[in-house]
Amino acid sequence: MGKAKIISPYLKDGLWVKANFHVHPAPISNKTGYCDSTIIREYIKAEYSCISLVGNNEIYTLDANSEDNGMLISEAKGTLNSSEMLNEIIIIPGFESTGVIPAVVINSLSFDNGEIKNEDDLQTLIYEQIKNGGIVFFSQPMRYYDMEERFKLLLNLDGYLGIEVLNGNLAFGSFKGIGGNNANYNDANYNKGNEIELWDRLLSSGKKVWGFGNDGLEKWSEFNTVFNLVKLQKGSSVNAGRIIGALIVGSFAVSTGVRIKDISVEENEIKLAVYNSHENKMYIAYGEYGRILKTCYTKEDIFVYEPEGDEGYVRMQVIYESGKTLLTQPFFIE
């Protein structure tokens, strides 16, 4: 078989930034026990470049001139005022539509609060938000319906960017690193917060959807448990537009603590490199329907896979002995 054509979602020679696109602000979910300013301060301290604060069925926007948020940066950085706060972290406005199956919309400033009662309403929401400049991904799909029902629903919908394959709100203390599920949300054996099997099924059925990973953040124990590492174009400024652009093309990975050096295509090989040469780790390359193409147990910080041409797509995962994991987006193989 001749050399396969590899279509990479990743921008070349870029800068990696840390981001979370599903964070509930305190007024929406006061279970955190913290005000908005404290939540944002902690994300700054955890070296996030970007977060999206999403209200339930309403757009959340930060008022940098409010009295509460005027105190934020003096707490976080010592001397910065509210305007300078926005130079420390990018806050993208958004909301979470909770009807039928939750959908997070970011980078949109328009929402009519219409109730989403069925699949047609959900499709209309997606199209309207795309027109408004927003992007849509499904959050916590593992909480709703059984596997077959949510698979059919998401297979029929168009225009959304992806799904949360890991969610800290559900996964805290339960995510084991590998595998999907086909159990109901209330099943005691259900691997909460992990929707990798659904992702593979959608990809294998021809849906080009990206995998997201976010905290959710309804309780403080979920803070910084799952995040996205977004690769921006080399030499570009770090701003909301560049980040949204990278998400659209799939130039990001999902992590529970693994930091990535780079992922690239070199001489017909997909190469993943991470910042860890001392810890035992397992690398896995997956193809259509989650088929395992290659595994490697090593301390090396580089993993390479050369497609043969019949994989459909290739996505990679690394799992550290400490339990931390990273998932790449799929490379499509032709």
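What you see is a predicted model; the values in this text were computed from it and never measured.

Draft legend 1. Structural view of the pairing of strand β2 (residues 15-23). Within β2, 8 of the 9 residues are buried, which leaves it mostly tucked inside the rest of the structure. Two elements, β2 and strand β9 (residues 227-232), share 5 bridges in a ladder whose sense is antiparallel. Within β9, the position partnered with V17 by the bridge is V230. Bridging between β2 and strand β3 (residues 50-56) involves 3 bridges; their strand directions are parallel. By the bridge assignment, V23 is partnered in β3 with L53.

Draft legend 2. Representation of the sheet that holds strand β11 (residues 260-266) in the model. Pairing is antiparallel in the open sheet, where 3 strands are placed in the order β11-β12-β15. A strand with exactly one partner marks an edge of an open sheet, and here the two such strands are β11 and β15 (302-305). Direction aside, the axes of adjacent strands within the sheet are offset by 10 degrees on average. Where strand β12 (residues 269-274) meets β15, 4 bridges bridge the pair, whose relative direction is antiparallel. Following the sheet pairing, A273 is matched in β15 by I302.

Draft legend 3. Here's a closer look at the pattern of salt bridges. Here the structure, examined in full by the defined rule, presents 10 salt bridges. Note that E42 is salt-bridged to R41, the shortest N-O span being 2.8 Å. With a relative accessible area of 18%, R41 lands in the buried category. The network of salt bridges with shared partners includes R41, E42 and K45.

Draft legend 4. Structural view of the packing of aromatic side chains. Here the structure, examined in full by the defined rule, presents 12 aromatic pairs. With a centroid separation of 4.7 Å and an interplanar angle of 70 degrees, the aromatic rings of Y43 and F223 are classed as edge-to-face. Of this pair, Y43 sits in helix α1 (residues 36-45) while F223 sits in the loop between β8 (210-214) and β9, and the two are 180 residues apart along the sequence. This pair shows no difference in class: Y43 is buried, exactly as F223 is. Note on F137 and F212: the rings are 4.3 Å apart at their centroids and 15 degrees apart in plane angle, and the pair reads as stacked. Taken as a pair, F137 in strand β6 (residues 135-138) and F212 in strand β8 lie far apart in primary sequence, 75 residues in all. For F137, a relative accessible area of 0% translates into the label buried. The class of F212 is buried, set by a relative accessible area of 0%. Each residue in the set Y43, Y48, W220, F223 and F227 is aromatic and connected to the rest through ring pairs, giving one cluster.

Draft legend 5. Fine view of a negative patch on the surface. On the surface, a cluster of negative charge is contributed by E288, E306, E308 and D310. Summarising the element assignment, E288 is placed in the loop between β13 (281-286) and β14 (292-298).

Draft legend 6. Focus on the confidence of the model for the protein chain. Summary statistics for the protein chain give a mean pLDDT of 83 and a share of 81% for residues scoring 70 or more. In this model residues 64-81 is a low-confidence stretch, pLDDT under 50, and it forms 31 contacts with partners more than four residues away in sequence or in other chains. Note that pLDDT drops below 50 for residues 172-191; the model gives that stretch 46 contacts with residues more than four away or on any other chain.

Thresholds applied
- Residues numbered from 1 in each chain as written.
- Predicted model: local features only at pLDDT ≥ 70, side-chain atom pairs only at ≥ 80, totals over all residues.
- Heavy atoms only, no water.
- Buried < 20%, exposed > 50% of the residue type's maximum accessible area, 1.4 Å probe, protein only.
- Helix = DSSP H or I, 4+ residues; strand = E, 2+ residues; numbered from the N terminus.
- Pairing = 2+ DSSP bridges.
- Axes fitted to C-alpha atoms, helices over the stretch in contact; angles between N-to-C directions.
- Salt bridge = Lys/Arg side-chain N within 4 Å of Asp/Glu carboxyl O.
- Phe/Tyr/Trp six-rings, centres within 6.5 Å; stacked < 30°, edge-to-face > 60°.
- Patch = residues over 30% accessible without salt bridge, like charges linked within 9 Å, V, L, I, M, F, W, Y side chains within 5 Å.
- Areas by Shrake-Rupley, 256 points an atom, 1.4 Å probe, with all protein chains shown as cover.
- Lys, Arg positive; Asp, Glu negative; His and termini not counted.
- Charge placed at Lys NZ, Arg CZ, Asp CG, Glu CD.
- pLDDT = per-residue confidence, 0-100.
- Contact = heavy atoms within 4.5 Å.

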